[in-house]
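Coordinate inspection notes
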Amino acid sequence: MQVYADNAATTKMSRTAIDAMLPYMETTYGNPSSLHSIGQEAAEALADARATVAACLGCEAREIIFTSGGSEADNQAIVSAARLGEKKGKKHIITTAFEHHAVLHTLKKLEKEGFEVTYLDVHESGLVTADEVKAAIRPDTCLVTVMYANNEIGTIQPIPEIGAVCREAGVLFHTDAVQAVGHLHINVKEQNIDMLSLSAHKFHGPKGIGVLYAKKGIILTNLIEGGAQERGKRAGTENIPAIMGMAAALKEACDHIDKNAAYVGALRDKLIAELSKIPHSALNGAVSPRLPGNVNFCFEGIEGESLLLLLDAKGVCASSGSACTSGSLDPSHVLLAIGRPHEVAHGSLRLSLCENNTAEEIEHICQVVPEVVAYLRGMSPVWRDLQTGKRQFILK
């Protein structure tokens, strides 16, 4: 049996998305900027897709900018808010310590330009409160950027409440919602969100396409100069097939969001209950609120890389954290942010599920993970030291 449990890294494209894309590669292949009939057919499709995405997010179509994915959208949102703030003498930004690197690295660049960034503590729970955001806001704050749901440990932030605090203070609020869109109910107007980033391949759409929602009236800074596409805010011929696939996948996900969340959440809870039985293990982040498909554990005395390789040999595809940092030997900054020591953070496992997973697959995971953990501990000198008392256990 092979089990794909790495849906936070990417999802399998749905048949719905593929079918939506094919006509725009085979027949309606025109450039939407062209004035001839084939080009205008593509332009009409582009407008329809924009309206579909807007309806799923609860905004206006003209507030949707198509991007290459979540990272580009994060970059454009943050840089735009920073430039707007800079013009008013406001160069302070608030974020959390465990954001995606698309956010953190952008903020580091801005710090080199003289911006000051406050990194809020997310505590052992992996959660920040609206009161903590409110306390950090200063007269010179130009942006608050807090991810909707963490990509590694799946904890869901109180976005509507944080947005309300920002709205009251007159501060722009951006959320990286890459892991949340298509899995949680989101309405940008009702939830006080000024800017939002999403990526299609997290909800069974194609890779390389995403969205930046920017509330009407926010002046965006261009990252790509060229033509007048996307209202002049994102140059380059639009990727119509990918956009159509994304719109179709998003609508399908939103149409079935409650059913999928209930089904996947039950699989998640089964996994958490079974893996919690492994001695000296710990679930990372609060049990709730958590994404329906996220399970993230630390197992003391083992290395995550070995765990992943042996699980793969037994048919389980998983990860130890963000796919964007899989080449790094450093422990996850997310796990360090919630207080896990380096030696424990190295032994992490992220299992991320979707509605395609089955109860039989969960049983298989529940069987093989304890076996692999026991095997690795049996050959670990660190585990031997823990067992003999030369080292003290951290995870009880």
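Up top is the structure these notes are about.
A quick note: this is a predicted structure, and the numbers were derived from the prediction, not measured. (Residues numbered from 1 in each chain as written. Predicted model: local features only at pLDDT ≥ 70, side-chain atom pairs only at ≥ 80, totals over all residues. Heavy atoms only, no water.)

This paragraph deals with the packing of aromatic side chains. Within this structure, the stated rule accounts for two aromatic pairs. Where F297 meets F299, the ring centres are 5.8 Å apart and the plane angle is 10 degrees; that geometry is what we call stacked. Side by side, F297 and F299 carry an identical accessibility label, which is buried. Their ring planes at 70 degrees and their centres at 5.5 Å tell us that W383 and F393 sit as a pair that is edge-to-face. In this pair, W383 sits in helix 14 (residues 381-388) while F393 sits in the segment after helix 14, placing the two residues 10 residues apart along the sequence. Judged by relative accessible area, which is 12%, W383 ranks as buried. For the cation-ring pair, K91 lies above F115, with the distance from its terminal atom to the ring centre recorded as 4.8 Å. (Phe/Tyr/Trp six-rings, centres within 6.5 Å; stacked < 30°, edge-to-face > 60°. Buried < 20%, exposed > 50% of the residue type's maximum accessible area, 1.4 Å probe, protein only. Helix = DSSP H or I, 4+ residues; strand = E, 2+ residues; numbered from the N terminus. Lys NZ or Arg CZ within 6 Å of the ring centre and 35° of its normal.)

This paragraph deals with the nonpolar core. In terms of nonpolar packing, the biggest core is built from 54 residues, with V144 and L196 touching the most fellow members. Those elements that place two or more of their residues in this core are helix 3 (37-57), strand 2 (64-67), helix 6 (130-136), helix 7 (159-169), strand 7 (195-199), strand 8 (210-214) and helix 8 (240-255). Per-element accounting of this core gives the leading share, nine residues, to helix 8. When residues no more than four places from it in sequence are discounted, the contact partners of V144 are I94, V133, I137, I162, C166, V171, L172, F173 and H174. Core analysis: the second largest hydrophobic core is formed by 28 residues, L275, L349, I362 and V372 among them. (Core = buried A, V, L, I, M, F, W, Y, C linked by side-chain atoms within 4.5 Å. Contact = heavy atoms within 4.5 Å.)

All right, on to the side chain of R350 then. By the element assignment, R350 lies in strand 12 (residues 348-352). Within the structure, R350 has its side chain in polar contact with the side chain of D6 (distance 3.3 Å). Within the structure, the side chain of R350 is placed 2.6 Å from the backbone oxygen of N151, a separation counted as a polar contact. (Polar contact = N/O pair within 3.5 Å; in protein donor to acceptor, adjacent residues only side chain to side chain.)

Attention now goes to the packing of helix 9 (residues 257-275) against helix 13 (residues 359-378). It is at 10 Å that the axes of helix 9 and helix 13 come closest, and there the two elements cross at 20 degrees. One way to sum up the angle between helix 9 and helix 13 is to call them roughly parallel. Where helix 9 crosses over helix 13, the two elements pack in a sense that is right-handed. The residues of helix 13 that touch helix 9, namely those facing Y263, L267, K270, L271, E274 and L275, are A359, I362, E363, I365, C366 and V369. In terms of residue class, the contact of helix 9 with helix 13 is built from nine nonpolar, no polar and three charged. (Axes fitted to C-alpha atoms, helices over the stretch in contact; angles between N-to-C directions. Parallel < 35°, antiparallel > 145°, perpendicular 65-115°, else oblique. Left-handed = near helix turned anticlockwise from the far one by under 90°. Nonpolar A, V, L, I, M, F, W, Y, C, P; charged D, E, K, R; others polar.)

Right, let's talk about the pairing of strand 10 (residues 294-299) for a bit. Among the six residues that make up strand 10, six are buried, leaving the element largely enclosed by the rest of the structure. Pairing between strand 9 (residues 281-283) and strand 10: three bridges, direction antiparallel. Of the residues in strand 10, the one forming a bridge with S281 is F299. Here strand 10 runs beside strand 12; their pairing, made up of five bridges, is antiparallel. Along strand 12, the bridge assignment pairs F297 with L349. (Pairing = 2+ DSSP bridges.)

All we've got here are geometric facts, nothing functional implied.
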